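Understanding the architecture of this molecule
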Number of protein chains: 6
Amino acid sequence: MNYFVHEKALCESENIGPGTRIWAFAHVLPGARIGADCNICDGVFVENDVSVGDHVTVKCGVQLWDGVTLEDNVFVGPNATFTNDIRPRSKQYPETFLRTTVEAGASIGANATILPGIRIGRNAMVGAGAVVTRSVPPNAIAVGNPARIVGYADTRTSGKVNSSDTSKHAGGIQKSVVRGVQLHTFNFIGDMRGSLSVGEFEREIPFSPKRYFLVYDVPTQETRGEHAHLRCKQFLIAVKGSVHVVADDGENRAQFVLDKPNMGLYLPPMTWGIQYRYSEDAVLLVFASDFYDPSDYIREYDAFLEKILSNESSPEC
Amino acid sequence: MNYFVHEKALCESENIGPGTRIWAFAHVLPGARIGADCNICDGVFVENDVSVGDHVTVKCGVQLWDGVTLEDNVFVGPNATFTNDIRPRSKQYPETFLRTTVEAGASIGANATILPGIRIGRNAMVGAGAVVTRSVPPNAIAVGNPARIVGYADTRTSGKVNSSDTSKHAGGIQKSVVRGVQLHTFNFIGDMRGSLSVGEFEREIPFSPKRYFLVYDVPTQETRGEHAHLRCKQFLIAVKGSVHVVADDGENRAQFVLDKPNMGLYLPPMTWGIQYRYSEDAVLLVFASDFYDPSDYIREYDAFLEKILSNESSPEC
Amino acid sequence: MNYFVHEKALCESENIGPGTRIWAFAHVLPGARIGADCNICDGVFVENDVSVGDHVTVKCGVQLWDGVTLEDNVFVGPNATFTNDIRPRSKQYPETFLRTTVEAGASIGANATILPGIRIGRNAMVGAGAVVTRSVPPNAIAVGNPARIVGYADTRTSGKVNSSDTSKHAGGIQKSVVRGVQLHTFNFIGDMRGSLSVGEFEREIPFSPKRYFLVYDVPTQETRGEHAHLRCKQFLIAVKGSVHVVADDGENRAQFVLDKPNMGLYLPPMTWGIQYRYSEDAVLLVFASDFYDPSDYIREYDAFLEKILSNESSPEC
Amino acid sequence: MNYFVHEKALCESENIGPGTRIWAFAHVLPGARIGADCNICDGVFVENDVSVGDHVTVKCGVQLWDGVTLEDNVFVGPNATFTNDIRPRSKQYPETFLRTTVEAGASIGANATILPGIRIGRNAMVGAGAVVTRSVPPNAIAVGNPARIVGYADTRTSGKVNSSDTSKHAGGIQKSVVRGVQLHTFNFIGDMRGSLSVGEFEREIPFSPKRYFLVYDVPTQETRGEHAHLRCKQFLIAVKGSVHVVADDGENRAQFVLDKPNMGLYLPPMTWGIQYRYSEDAVLLVFASDFYDPSDYIREYDAFLEKILSNESSPEC
Amino acid sequence: MNYFVHEKALCESENIGPGTRIWAFAHVLPGARIGADCNICDGVFVENDVSVGDHVTVKCGVQLWDGVTLEDNVFVGPNATFTNDIRPRSKQYPETFLRTTVEAGASIGANATILPGIRIGRNAMVGAGAVVTRSVPPNAIAVGNPARIVGYADTRTSGKVNSSDTSKHAGGIQKSVVRGVQLHTFNFIGDMRGSLSVGEFEREIPFSPKRYFLVYDVPTQETRGEHAHLRCKQFLIAVKGSVHVVADDGENRAQFVLDKPNMGLYLPPMTWGIQYRYSEDAVLLVFASDFYDPSDYIREYDAFLEKILSNESSPEC
Amino acid sequence: MNYFVHEKALCESENIGPGTRIWAFAHVLPGARIGADCNICDGVFVENDVSVGDHVTVKCGVQLWDGVTLEDNVFVGPNATFTNDIRPRSKQYPETFLRTTVEAGASIGANATILPGIRIGRNAMVGAGAVVTRSVPPNAIAVGNPARIVGYADTRTSGKVNSSDTSKHAGGIQKSVVRGVQLHTFNFIGDMRGSLSVGEFEREIPFSPKRYFLVYDVPTQETRGEHAHLRCKQFLIAVKGSVHVVADDGENRAQFVLDKPNMGLYLPPMTWGIQYRYSEDAVLLVFASDFYDPSDYIREYDAFLEKILSNESSPEC
């Protein structure tokens with residue numbers, strides 16, 4: 001036995017990885033599986049149908065109920081609370097418990113509450129005290145009761161362009177830390193009769209569009225996008241209201257606030273894009289360089305990262 | 001001793017019912033009274049002036065302080081937190097602790113917080129992570145911080161009438177699963193000059209009114225009604241905005257969304273009625289068949305259930 | 001010829017009543033009929049198919065086109081302009097001209113414009129500069145472009161009850177100058193949970209209802225009502241928003257602003273009632289003492305006045 | 001002299017066309033030129049520098065000041081008032097009077113006021129009592145104070161597409177009575193997360209755009225457009241709010257209400273287009289097939305009609 | 001008789017000044033008094049109790065009723081219409097007619113309507129087609145139905161400062177054409193917690209205040225100010241919303257739009273100041289250099305002009 | 001050893017004050033320092049770099065992590081949760097943990113969550129279930145997720161002036177329980193044209209200002225102020241919207257709701273002032289008696305209390 005159990009702990013499982021430590025007043029039931037190099041702190045309770053990966057930290061006062069899976073490198077803050085029954089009644093048991101999965105690298109903040117049947121995406125961050133009622137996508141930061149996405153982890157703020165920088169009427173193009181992503185500012189003419197903003201394809205926008213689409217009536221708590229294109233180029237304009245856009249090339253990530261009809265964001269192929277924090281009146285106009293082709297979409301972030309890596313290792317790309 | 005105490009638990013009370021199990025690192029003080037067939041999980045702490053009924057489940061990490069009563073069949077989720085002092089200061093003690101009662105069959109969600117002096121009604125459901133600052137009526141479902149009622153448990157959705165079903169201009173009467181409760185749709189005439197909705201007493205509405213009352217300016221988080229009448233018949237119309245009405249005959253429960261001036265809901269005597277989710281601009285018009293008589297009101301749901309039962313067992317009723 | 005024609009006038013008609021004066025530069029075509037004791041001022045032009053009653057004043061710069069009828073005691077201000085073709089094009093003539101009637105006692109303000117096909121009701125008052133695009137009911141005062149009703153002429157303000165007078169919570173009944181019309185203020189109970197207003201039939205409201213109706217979604221420029229009942233009693237409550245009600249017993253007229261759910265207006269039989277100035281959110285609740293009976297309605301103000309007179313002259317009524 | 005002057009009229013000009021009649025108390029100064037078959041009614045005053053075409057009707061009480069031109073078939077209603085000095089002061093005279101032109105076939109409603117320097121377009125209709133402060137385009141109907149365009153005369157309603165016709169989610173193309181003008185309805189996907197509308201260039205929209213422009217913050221009373229293109233194709237979408245568009249091929253005219261982001265209107269070259277009745281929040285997106293080229297614009301409706309006629313008579317077009 | 005009466009006119013008065021001309025179809029009653037060098041055009045009608053000054057122009061189709069006074073240099077446009085009875089009824093006459101005065105130099109636009117009992121101030125300009133329901137102050141320009149002030153005559157636009165010029169964050173002082181009047185722009189600091197604007201008396205604002213006042217809840221159609229101070233200095237800031245300010249030194253006049261909390265306008269003594277076009281939410285903060293002293297106010301524009309002249313002619317001032 | 005450790009507890013530190021009790025399943029690491037007369041309840045976990053003062057209560061289920069300091073008389077409710085890493089990831093440790101300090105006398109409600117790096121001010125009260133994301137100032141009461149200040153503890157309500165008391169139009173000065181603080185009500189004149197409020201410096205406001213500042217666009221959750229001045233006097237007016245102001249002389253504390261432009265609050269030197277609950281549209285105008293001088297500010301409440309005490313003990317002050 002190359003793992004540690006505190007003398008005041010109660011560890012009934014033998015399925016514990018090397019280097020793992022189980023501390024005082026913790027209680028692990030016989031069926032639980034815990035990986036290597038974990039830290040199970042004071043007072044933690046682990047039921048039987050539970051799987052914990054390697055390098056996981058579970059702070060004090062947490063319970064892992066039947067149905068909970070923590071992948072590698074997960075962090076669970078103190079008193080964070082899992083559940084496995086959506087409508088609990090004493091002495092009434094569901095046929096099967098709802099399953100909860102926390103993907104690799106994600107963190108659950110202190111005293112957060114996770115409703116049953118939820119998936120917390122890779123590298124996501126649930127804020128302290130959050131009450132999570134819906135699944136959280138990869139890298140997202142979710143806080144509040146109920147929890148809402150307020151940002152994305154590890155976004156390079158150097159790429160962020162705040163709106164006052166772009167209020168100059170003279171047009172221009174501003175590069176970002178994300179490969180190929182550019183923020184365009186167009187001239188506009190405003191007078192008593194209204195305002196007019198003009199952009200020219202190929203001259204100002206680096207492609208000729210094959211498609212446009214308009215996204216509108218998006219509830220402010222919604223996230224859209226969350227995919228990449230293999231070949232298609234896109235150009236985004238918030239023609240009304242404002243939208244936050246996160247662009248990610250697999251290495252760097254940056255956030256842009258589109259809030260003027262004369263601002264546009266260019267997303268080259270192989271850019272993971274996310275749109276969220278739509279203002280109530282937002283209308284997002286997107287130009288795309290290609291016709292719709294479902295095979296052009298990469299919809300899983302893991303697959304996107306793999307594709308990026310394979311591209312980088314292939315010399316001719 | 002026909003109850004179980006884990007070897008790592010500390011049970012100082014002997015007032016424990018048969019079949020009850022007390023698990024590791026739990027601590028029960030001498031004055032506590034715990035009923036039969038309960039489950040007191042790891043790490044639970046129970047003070048002296050505490051009363052727990054039969055078939056109660058208290059999950060890990062919960063404390064039951066002096067002044068807490070859990071009636072039969074209550075469920076308390078993990079890390080749910082009770083209190084007994086509204087303005088706690090260290091080393092300053094109130095003369096008497098505020099009392100908290102969780103009525104029979106109610107459930108407290110995981111990591112919920114219950115402020116002191118609160119009553120959680122029979123069969124109510126407090127959501128995970130909710131912070132309960134006011135008493136919760138029987139059957140109500142309350143979530144959020146602060147907690148608000150968002151529904152009623154075990155409401156038969158077969159009785160629910162959504163508004164599109166009633167938009168037909170031709171009037172009609174629709175029965176529900178609740179004994180005697182009927183949803184009326186009246187003719188209305190709408191043109192450029194406005195809309196007109198007409199109802200006739202005795203012809204369309206099954207009584208002649210002695211009283212009307214108007215309920216308005218109700219904050220959206222308020223619940224009104226929550227009583228039954230012994231003899232008085234009522235007819236409810238949301239003349240502006242929308243109101244949710246739950247009707248309950250002691251056996252079946254149904255929810256109705258009143259959101260049109262030409263919809264009316266008939267509640268016969270011996271119907272438990274609840275109005276809630278008033279829209280900001282809601283005005284509820286109620287016709288009553290009798291003048292006001294306080295002795296006609298049943299204001300406690302338990303008393304209502306008892307009266308129903310006694311009526312059913314009396315052959316001549 | 002017992003009427004006067006100024007030497008600079010041109011009067012080609014002989015159908016002119018005694019005492020009438022026709023002034024300089026006026027021009028009356030042969031077919032026109034003008035009553036007694038009229039004043040046709042400088043520069044007025046009167047076509048052939050025109051009928052003018054007795055005691056009518058037509059100020060300078062007015063034209064009376066084919067199709068215009070002015071009843072007795074009408075006043076037409078200077079430069080007020082009539083029309084008889086809704087889409088005039090040069091040298092294109094409609095088959096028949098639209099007819100315009102100004103009923104007895106009405107006044108047309110200076111420089112007002114009257115579109116074709118309109119009836120200006122008895123005793124109505126069109127404001128100076130108004131552009132009248134729809135018929136104006138009896139006694140109404142209409143101003144603006146397009147003209148809207150802003151009041152009723154000769155309304156006794158002693159009968160007007162402003163809202164601050166009725167804000168007292170203690171209920172009460174206030175008589176008015178109009179026979180039998182009473183403004184009721186009901187008790188109401190208001191607290192943090194909302195407001196409740198209650199009324200009792202037969203005890204507080206002087207009849208037991210056979211019908212209710214709800215009037216809502218009325219455009220603010222609309223007038224509703226404008227009729228009397230032979231036998232039916234009515235009780236009006238603005239359960240939301242505000243409505244102006246004019247009540248008229250044929251002799252006295254009073255205006256009431258209903259703007260609180262705990263205010264109700266009782267209209268006895270043989271009361272001419274008008275509702276107008278509906279606020280955007282107004283819902284008017286009306287209780288009626290009888291089922292619907294079309295023969296109970298008097299829809300013409302003239303008929304109402306006649307009925308009042310015949311009632312007064314009949315001793316047994 | 002083959003025209004008629006009433007014996008009470010004063011006609012000092014001899015430049016009067018055959019068949020024209022000048023009625024009592026009218027006064028025509030020596031320099032005025034009046035065409036054939038006109039009707040100059042009682043009390044009209046005509047100054048010297050005035051030109052009136054053929055078949056014109058001028059009703060009573062009108063003055064035609066120096067600088068006023070009425071083209072053929074114009075109708076001027078009674079007491080309609082022209083002006084020729086924008087800031088009149090007694091005894092101060094502008095160097096030249098502002099000129100007012102009423103183009104062929106237009107009508108001026110009764111008692112309307114026309115500010116100086118204004119052009120009333122061919123076939124336009126000024127409403128009774130309107131105060132016209134800006135030029136009125138051809139065919140437009142203008143009413144109110146100040147006058148606003150509320151429609152276009154002789155617009156074929158068969159070409160009008162009301163919004164409920166286009167609410168079907170399946171996309172489609174609907175032809176209109178105007179040559180080549182098509183209303184496109186695009187597929188859209190709407191769910192709780194928002195709505196998505198997609199359109200494809202060259203596949204669905206019959207060109208590839210060289211430019212887009214966004215029109216926004218337009219006061220609701222403004223009219224935009226009012227021109228045609230020789231070669232450029234356009235595609236219009238109201239991405240927010242609503243816009244009325246009138247399209248005219250010189251022969252037929254139709255009005256479209258764009259009020260959904262998934263509706264688009266295709267305007268081929270040689271289509272006279274008008275946009276008006278912008279809602280307060282409207283944003284109009286326009287795709288154009290060509291880069292900006294001022295020589296591609298036809299800005300005068302008469303020139304547009306001429307070009308249409310010359311195209312039709314040229315066989316190879 | 002050194003005035004001209006057209007042979008087709010009817011002039012019954014002999015109280016006509018030299019050089020005055022009275023044209024065809026005009027009719028002047030015996031009691032009217034008309035000054036020198038006037039022009040009374042075709043079809044004008046003048047009653048008895050009427051006083052007209054020198055150099056007055058009255059265009060065609062106008063009537064001057066008993067009670068109307070036109071001071072020197074007044075212009076009355078064609079078909080403009082006066083009144084003298086607020087509630088006219090045929091054959092009912094008020095005891096005395098309401099009086100209307102048009103002060104020296106004012107102009108009444110074509111087809112305007114002037115309600116009875118109104119005073120049109122010196123040099124004011126009533127727009128064509130306006131319906132004037134309240135008195136108009138000196139120099140004001142009023143248009144619409146009902147008429148509202150939209151500007152002041154002869155305001156030097158060179159002194160107008162539009163808001164974009166002052167949006168630069170660096171503070172500064174901008175002179176105007178009006179003697180001593182200066183527009184200040186202050187630095188401001190804005191961050192996530194809000195914005196902070198700071199100004200220093202004596203350092204930045206050229207006096208130390210003795211008083212401040214706040215003007216708020218002003219309906220958008222209202223004009224405030226309209227006075228000058230003999231000694232008091234003022235400094236105006238629109239701390240919320242926007243206000244138009246006209247400043248006038250007796251020789252030059254300029255208008256300023258205050259619409260930012262970091263803009264302030266300095267008014268030295270002997271400046272005639274007017275504030276109007278308050279936005280709905282406007283709050284105007286005024287610093288004054290002196291305590292309130294009613295003898296410091298000049299409330300009549302004529303008196304202000306006289307004082308300016310006497311100051312200029314006194315060498316020591 | 002004059003402190004108590006329950007037989008089931010694990011106390012590895014010897015740095016425990018007299019009278020302190022450590023209860024079952026609690027675990028104190030060797031480096032922790034705990035003062036006298038404390039109560040460390042069941043299941044509490046205390047790390048090494050932790051300092052606990054005297055008379056502190058820590059209820060069940062709480063962990064005190066490295067970096068947490070609890071000063072004397074602090075209360076920590078059950079399951080309240082501290083943190084020390086703002087972006088926790090498993091097996092990644094910050095160079096230093098963020099420190100959390102709960103100042104003397106403060107209370108943390110049951111199940112509250114305290115984010116890292118936060119200071120809870122002296123005597124503050126964190127509500128049950130609150131999620132505290134920013135430091136809480138002395139005496140403040142904070143509730144909700146995220147926690148917002150809703151009041152201040154021990155505020156003398158006798159000093160509170162509700163707005164209805166000050167609605168009298170006649171001006172006046174009202175003293176408060178806080179030394180020198182006065183609420184001024186100024187005369188104002190309100191009529192149909194708007195309202196005017198006037199205040200005079202030195203006469204009504206007890207100083208002549210050297211500076212003014214305007215605070216606006218403040219998010220409703222922000223608190224501003226929270227400092228005292230040594231010499232500078234201030235006068236506060238909410239010229240738009242409403243602001244809550246707490247004034248504190250070190251002995252008494254009072255809250256004022258400024259919600260009228262004609263109300264002003266005078267704060268003499270050595271008054272601790274707090275502004276919060278800004279309404280969305282609030283603009284706060286502040287007059288200051290001195291130019292800006294950073295050395296005049298006392299920014300720490302403790303320093304303020306000390307200064308007050310030293311002033312009181314110095315006879316000449």
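See the structure shown above.
Keep in mind it's a predicted model, so treat the numbers as computed, not measured. (Residues numbered from 1 in each chain as written. Chains lettered and ligands numbered in written order. Predicted model: local features only at pLDDT ≥ 70, side-chain atom pairs only at ≥ 80, totals over all residues. Heavy atoms only, no water.)

1. Let's talk about the sheet that holds strand β34 (residues 297–298) of chain D
All names here are of chain D. Taken in spatial order, the five strands of this open sheet run β30-β29-β32-β27-β34, and their pairing is antiparallel. The open sheet is flanked by β30 (253–258) and β34, the only strands paired with a single partner. Of the strand pairs in this sheet, strand β29 (residues 243–248) and β30 are connected by six bridges, and their pairing is antiparallel. Its bridge partner being in β30, Val245 is matched across the sheet by Phe256. (Pairing = 2+ DSSP bridges. Helix = DSSP H or I, 4+ residues; strand = E, 2+ residues; numbered from the N terminus.)

2. Topic: the interface of chain F and chain B
Each side of the interface is counted separately: chain F has 34 residues, and chain B has 27 residues. A combined buried area of about 2100 Å² lies between chain F and chain B, and 55% of that area is made up of carbon and sulfur atoms. Summed over the three residues of chain F that lose the most area to chain B, namely Phe25, Asn111 and Met125 of chain F, the buried surface amounts to 24% of that side. Our count for the chain F to chain B interface comes out at zero salt bridges. Residue classes in the side of chain F that touches chain B are distributed as 15 nonpolar, 14 polar and five charged. (Contact = heavy atoms within 4.5 Å. Buried area = accessible area lost by both parts, 1.4 Å probe. Salt bridge = Lys/Arg side-chain N within 4 Å of Asp/Glu carboxyl O. Nonpolar A, V, L, I, M, F, W, Y, C, P; charged D, E, K, R; others polar.)

3. With respect to the pattern of salt bridges
Enumeration according to the criterion identifies 48 salt bridges over all chains in this entry. Arg203 of chain A is the salt-bridge partner of Glu200 of chain A, the closest N and O atoms lying 3.2 Å from each other. Of the residues examined, Glu200 of chain A reaches a relative accessible area of 15% and is grouped as buried. On the basis of relative accessible area, Arg203 of chain A is assigned to the exposed category, the value being 55%. Here Arg253 of chain D ties to Asp248 of chain D by a salt bridge, and the two come within 3.0 Å at their closest N and O atoms. Asp248 of chain D matches Arg253 of chain D in its accessibility class, with the two residues each being buried. Through salt bridges with shared partners, a single network forms among Arg231, Asp293 and Asp296 of chain A. (Buried < 20%, exposed > 50% of the residue type's maximum accessible area, 1.4 Å probe, protein only.)

4. A closer look at the interface of chain B and chain C
Contacts between the two partners involve 38 residues from chain B and, on the opposite side, 39 residues from chain C. Between chain B and chain C lies a buried interface of about 3500 Å² when both sides are counted; carbon and sulfur atoms form 58% of it. Among the residues of chain B in contact with chain C, Arg193, Tyr212 and Tyr216 of chain B are the three that bury the most area, contributing 20% of the side total. Taken together, chain B and chain C are joined by zero salt bridges. If you look at where chain B meets chain C, you find 10 residue pairs in polar contact (both at pLDDT 80 or more). Counting only elements with at least two residues in the side of chain B that touches chain C, the list comes to β25 (194–200), β26 (211–216), β28 (234–240) and β33 (283–288) of chain B. Residues of the side of chain B that touches chain C, tallied by class, amount to 23 nonpolar, five polar and 10 charged. Pairing of β26 of chain B with strand β26 (residues 194–200) of chain C, which is carried by six bridges, proceeds in the antiparallel orientation. Residue pairing across strands places Phe213 of chain B opposite Val198 of chain C, the latter belonging to β26 of chain C. (Polar contact = N/O pair within 3.5 Å; in protein donor to acceptor, adjacent residues only side chain to side chain.)

5. A closer look at the environment of Tyr266 of chain F
All names here are of chain F. With respect to the helices and strands, the residue Tyr266 is situated in strand β31 (residues 263–267). Here Tyr266 falls in the buried class, since its relative accessible area comes to 8%. Separated by 59 residues in sequence, Tyr266 and Phe207 place their C-alpha atoms 9.8 Å apart. Once residues lying within four places of it in the same chain are set aside, the contact partners of Tyr266 are Gly180, Val181, Gln182, His184, Pro206, Phe207, Lys233, Gln234 and Phe235.

6. Here we look at unusual backbone geometry
Of note, the amide linkage connecting Asn145 of chain C to Pro146 of chain C takes the cis form, showing an omega dihedral of 0°. Examined against the element boundaries, Pro146 of chain C turns out to sit in the loop between β20 (140–143) and β21 (148–152). The backbone of Lys91 of chain B sits at a positive phi, close to 65°, despite the residue not being glycine. Relative to the elements of secondary structure, Lys91 of chain B occurs in the loop between β12 (75–76) and β13 (100–102). A positive phi angle, close to 60°, is found at Asp37 of chain E, a residue other than glycine. Mapping Asp37 of chain E onto the fold places it in the loop between β5 (33–34) and β6 (39–40). By relative accessible area, which is 30% here, Asp37 of chain E ends up partly exposed.

7. Brief notes about helix α1 (residues 301–313) of chain A
Here α1 of chain A is 13 residues long and its end C-alpha atoms lie 19 Å apart, about the 18 Å a rise of 1.5 Å per residue gives. Buried-residue contacts for α1 of chain A involve β28 (223–229), β30 (243–248), β31 (253–258), β33 (272–276) and β35 (297–298) of chain A. (Expected span 1.5 Å × (residues − 1).)

8. Describing the pairing of strand β30 (residues 253–258) of chain B
Residues and elements named next belong to chain B. A large share of β30 lies buried, amounting to six of its six residues. Side-chain alternation along β30 places Arg253, Gln255 and Val257 on one buried face and Ala254, Phe256 and Leu258 on a second face that is also buried. Taking the residues between adjacent antiparallel strands as the criterion, strand β29 (residues 243–248) and β30 are bridged by four residues, where Gly250 takes a positive phi near 95°.

9. Digging into the environment of Val243 of chain D
Residue and element names in this part refer to chain D. With respect to the helices, strands and loops of the structure, Val243 is situated in strand β29. For Val243, a relative accessible area of 0% puts it in the buried group. Spatially, the C-alpha atoms of Val243 and Asp42 are 44 Å apart, while their sequence positions differ by 201 residues.

10. Here's the deal with the relation of the copies chain B and chain C
Superposition record for chain B on chain C: RMSD 0.2 Å, screw rotation 180°, translation along axis 0.2 Å. Here the copies are linked by what is in effect a two-fold axis. Interface overlap between copies is the fraction of interface residues in one copy that are interface residues in the other; for chain B against chain C it reaches 100%, indicating a shared surface. (Least-squares fit on C-alpha atoms with pLDDT ≥ 70 in both.)

Just geometry here; none of it tells us what the structure is for.
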